[in-house]
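# Structure at a glance
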Amino acid sequence: TDIRISTEAIRRRKAGTPIVCLTAYTYPVARLLDDHVDLLLVGDSVAMVLHGYKTTLGASLEMMIAHGQAVMRGSARACVVVDLPAGTYEASATQAVASARRVIDETGCQAVKLEGGVDMTSQIAAIVAAGIPVMGHIGLQPQSVEKDGGYKIKGRTEEAVAALLRDALAVENAGAFSVVIEGTVEAVAADITRRIAIPTIGIGASGDCDGQILVIDDMVGLTVDRVPKFVKEYADLRSVISHAAETYAAEVRSRTFPGPGHVFSATKSRDDA
Ligand code: KIV
Ligand code: NA
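The name that an unreviewed UniProt entry assigns to the protein chain is 3-methyl-2-oxobutanoate hydroxymethyltransferase, with the source organism given as Rhizobium loti. The Sequence similarities (unreviewed entry) comment attached to the protein chain in UniProt states, word for word, "Belongs to the PanB family." Here is the UniProt Pathway (unreviewed entry) comment for the protein chain, exactly as written: "Cofactor biosynthesis; (R)-pantothenate biosynthesis; (R)-pantoate from 3-methyl-2-oxobutanoate: step 1/2."

## Describing the nonpolar core
Counting 69 residues, the largest nonpolar core has Leu40 and Val112 as its most contacted members. In contact with Val112, other than residues within four places in its own chain, are Val81, Val82, Leu84, Ala100, Val103, Ile127, Ile132 and Val134.

## Brief notes about the UniProt feature "binding site: Mg(2+)" (unreviewed entry) in the protein chain
Here the UniProt feature "binding site: Mg(2+)" (unreviewed entry) sits at Asp44, Asp83 and Glu115. Across 72 residues in sequence, these annotated residues keep their C-alpha atoms within 10.8 Å of one another, forming a single compact spot. Looking at the secondary structure, you find Asp83 in strand β3 (residues 79-83). What makes Asp83 buried here is the crowd of 29 C-beta atoms within 10 Å. The residues contacting Asp83, other than those within four sequence positions of it, are Leu41, Val42, Gly43, Asp44, Met64 and Lys113. Checked against the element boundaries, Glu115 lands in the loop between β4 (111-113) and α6 (121-129). The contact partners of Glu115, leaving out residues within four places of it in the chain, are His137, Gln141 and Gln143.

Definitions and cut-offs
Residues numbered from 1 in each chain as written. Chains lettered and ligands numbered in written order. Predicted model: local features only at pLDDT ≥ 70, side-chain atom pairs only at ≥ 80, totals over all residues. UniProt positions renumbered as here; feature names shortened; annotations may be inferred. Core = buried A, V, L, I, M, F, W, Y, C linked by C-beta atoms within 7 Å. Buried ≥ 20, exposed ≤ 12 C-beta atoms within 10 Å, placed from the backbone. Contact = placed C-beta atoms within 7 Å. Helix = DSSP H or I, 4+ residues; strand = E, 2+ residues; numbered from the N terminus.

Written out as structure tokens, the structure is:
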């Protein structure tokens, strides 16, 4: 019996209770988040967040599949979506379907996500026609930052607003079950949310979106580099980890650790591991 939230259930939440989404890349974090979120995204941000690449272009299909498998092992309830990384879907609908199929077959996740609007309609439509649900991603598209000349907020000119709406409608018409809107002027993201029938998931977008997503490491204060303005840090794990390492180092140097409870005697005792 499948107790996971389906992509269809996510789609039905349009204009309802906000859809709670976070990224996850590992088994333990998926375990911790599964009770609290509706959707876990194995984002290609994993390349930057866990692997230290400068952009998401460092992600490969193999990397996404390995992290997708870990997140599936660690979750039972959440809808799990895995990003198609740059270079695995843009060339053709055939390439996109082959990559999406590999991700679904090798991880068992519910859906894939890809970046693009009007320019990716044939890819989205072909993946959906193959029976695989697709989440779209419009506005600021991190896989395009190199050709965009940096992380630029979208929707600040009339032409940009019109292009965003065309992208949103294209993704909807191609059959996506929902769409991420990233780094977009608030009023534009809110307007798109009213104009399309699939849920919008905002990140640096609008509180009026049908759901919100953040990168998990950003929201728990584990990101060591500067975080974008749209991030709210709900915890300070940098300090927690630094303090733990500092205390451990001091205790090793002073021979305080290991203590009597962390070592073994010749006779087996009932609290032995
Ligand atoms: O890769 C990612 O983490 C994402 C989200 C920020 C939407 O695409
Ligand atoms: Na991504």
